[in-house]
Amino acid sequence: MLEAKHVEGMHNKHKVLLYTLTTCGWCRKTKALLQELSVGYDYIDVDDQEGGNKELAKQEVLKWNPACSFPTIVLDGKDCVVGFQEDKIRELAAE
Amino acid sequence: MSRIPNERVAKVWERLALEARDAGYSVNPDDAFASELVRGLLENETRYGYRACPCRLASGVRERDVDLVCPCDYRDADLDEYGACYCALYVSPEISRGEKTATSIPDRRPVGGPTAHPREMEQVHVAGLAFPVWRCRVCGYLCARPQPPLVCPVCKAGKERFERFM
């Protein structure tokens, strides 16, 4: 089973799920900005998944983002943001 | 946590930046950002045996990922169109000088990699050539010799990145 890691934040209006790579600069920037803005989020580091979980995680990303690129950010289980889009991330902290 | 010692990251980054400058390329001026990308390259080298792009999910099978070994096959086209490669390790001179900033760009790599959608380069047929002409898929360098060079003299890509051009 895939297990997302959780990072606490003060803003939790949206359920934010990140699919990331541990080696990627844009993924790192996305996580850092969410933390800076104190937006709570879950993340799955796809490249760090062991065995069959890696393929499982990849299939999940593909469902949201056919390009399977990173970061893929799923909002409230319905919207998807691809790449490091600073404006869209800042909106998550604005009420 | 990363298994790659900081000293090694710094050393490889320094060398990579020098080689880039020598070949006429520019690198990201954000030292912390770029160093982490280099760490990612070394991490991938440890994991997979080759320096796959840190911002793409490698398959772990070298033959399938030849195009995304850094510098990737898409770097120069992305530099032309966006002023930065996909991970933004390589950037335009303007971005390198701090006049513009690199942003996250769409991935031009075909989904699943080029082996999922084989593309035969149109080979130019010229009769009477003394040697075949080889083209570096990364930077476009051409050379006429029996076999491609072990390493591209311009961009340092390996022999496997060459394709028959003429």
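Residues numbered from 1 in each chain as written. Chains lettered and ligands numbered in written order. Predicted model: local features only at pLDDT ≥ 70, side-chain atom pairs only at ≥ 80, totals over all residues. Heavy atoms only, no water.

(A) Just the interface of chain A and chain B, in detail. Tallying the contact residues gives 19 residues for chain A and 20 residues for chain B. Taken over both partners, the interface formed by chain A and chain B buries close to 1,500 Å², and the fraction arising from carbon and sulfur atoms is 60%. The largest contributions to the chain A side of the interface with chain B come from A:Thr23, A:Trp26 and A:Arg28, which together make up 41% of the buried area. Where chain A touches chain B, the interface holds three salt bridges. Across the salt bridge formed by A:Asp47 and B:Arg47, the nearest N and O atoms sit 2.8 Å from each other. Counting across the chain A and chain B interface gives eight residue pairs in polar contact (both at pLDDT 80 or more). A total of four residues in the side of chain A that touches chain B trace back to one element, the largest contributor, which is helix 1 (residues 25-36) of chain A. The residue inventory of the side of chain A that touches chain B, partitioned by class, reads eight nonpolar, five polar and six charged. (Contact = heavy atoms within 4.5 Å. Buried area = accessible area lost by both parts, 1.4 Å probe. Salt bridge = Lys/Arg side-chain N within 4 Å of Asp/Glu carboxyl O. Polar contact = N/O pair within 3.5 Å; in protein donor to acceptor, adjacent residues only side chain to side chain. Helix = DSSP H or I, 4+ residues; strand = E, 2+ residues; numbered from the N terminus. Nonpolar A, V, L, I, M, F, W, Y, C, P; charged D, E, K, R; others polar.)

(B) Spatial organisation of the pairing of strand 2 (residues 16-20) of chain A. All names here are of chain A. In terms of burial, strand 2 is largely enclosed, as five of its five residues are buried. Alternating positions in strand 2 separate into two faces, Val-16, Leu-18 and Thr-20 on one and Leu-17 and Tyr-19 on the other, with burial throughout. Relative to strand 4 (residues 72-75), strand 2 runs antiparallel, the two sharing four bridges. Counted as the bridge partner of Val-16 is Leu-75 from strand 4. Here strand 2 runs beside strand 3 (residues 41-45); their pairing, made up of four bridges, is parallel. Residue pairing in the sheet places Leu-18 in a bridge with Tyr-43 of strand 3. (Buried < 20%, exposed > 50% of the residue type's maximum accessible area, 1.4 Å probe, protein only. Pairing = 2+ DSSP bridges.)

(C) Examining the packing of aromatic side chains more closely. In total, this model carries six aromatic pairs over all chains according to the counting rule given. A centroid spacing of 6.4 Å and a plane angle of 85° characterise the contact between B:Tyr141 and B:Phe162, whose relative ring orientation is edge-to-face. With B:Tyr141 in the loop between strand 3 (133-136) and strand 4 (142-144) and B:Phe162 in strand 5 (residues 162-164), this residue pair connects regions lying 21 residues apart in the sequence. With a relative accessible area of 7%, B:Phe162 lands in the buried category. These aromatic residues form a ring-pair network of at least three members: A:Trp26, A:Phe84 and B:Phe33. The cationic tip of B:Arg75 hangs over the ring face of B:Tyr25; the distance from NZ or CZ to the ring centre is 3.6 Å. (Phe/Tyr/Trp six-rings, centres within 6.5 Å; stacked < 30°, edge-to-face > 60°. Lys NZ or Arg CZ within 6 Å of the ring centre and 35° of its normal.)

(D) The side chain of B:Asp65, seen in detail. Residues and elements named next belong to chain B. By the secondary structure assignment, Asp-65 is in helix 3 (residues 62-65). By relative accessible area, which is 2% here, Asp-65 ends up buried. Not counting residues within four places of it along the chain, the set of residues in contact with Asp-65 comprises Tyr-50, Ala-58, Ser-59, Gly-60 and Arg-109.

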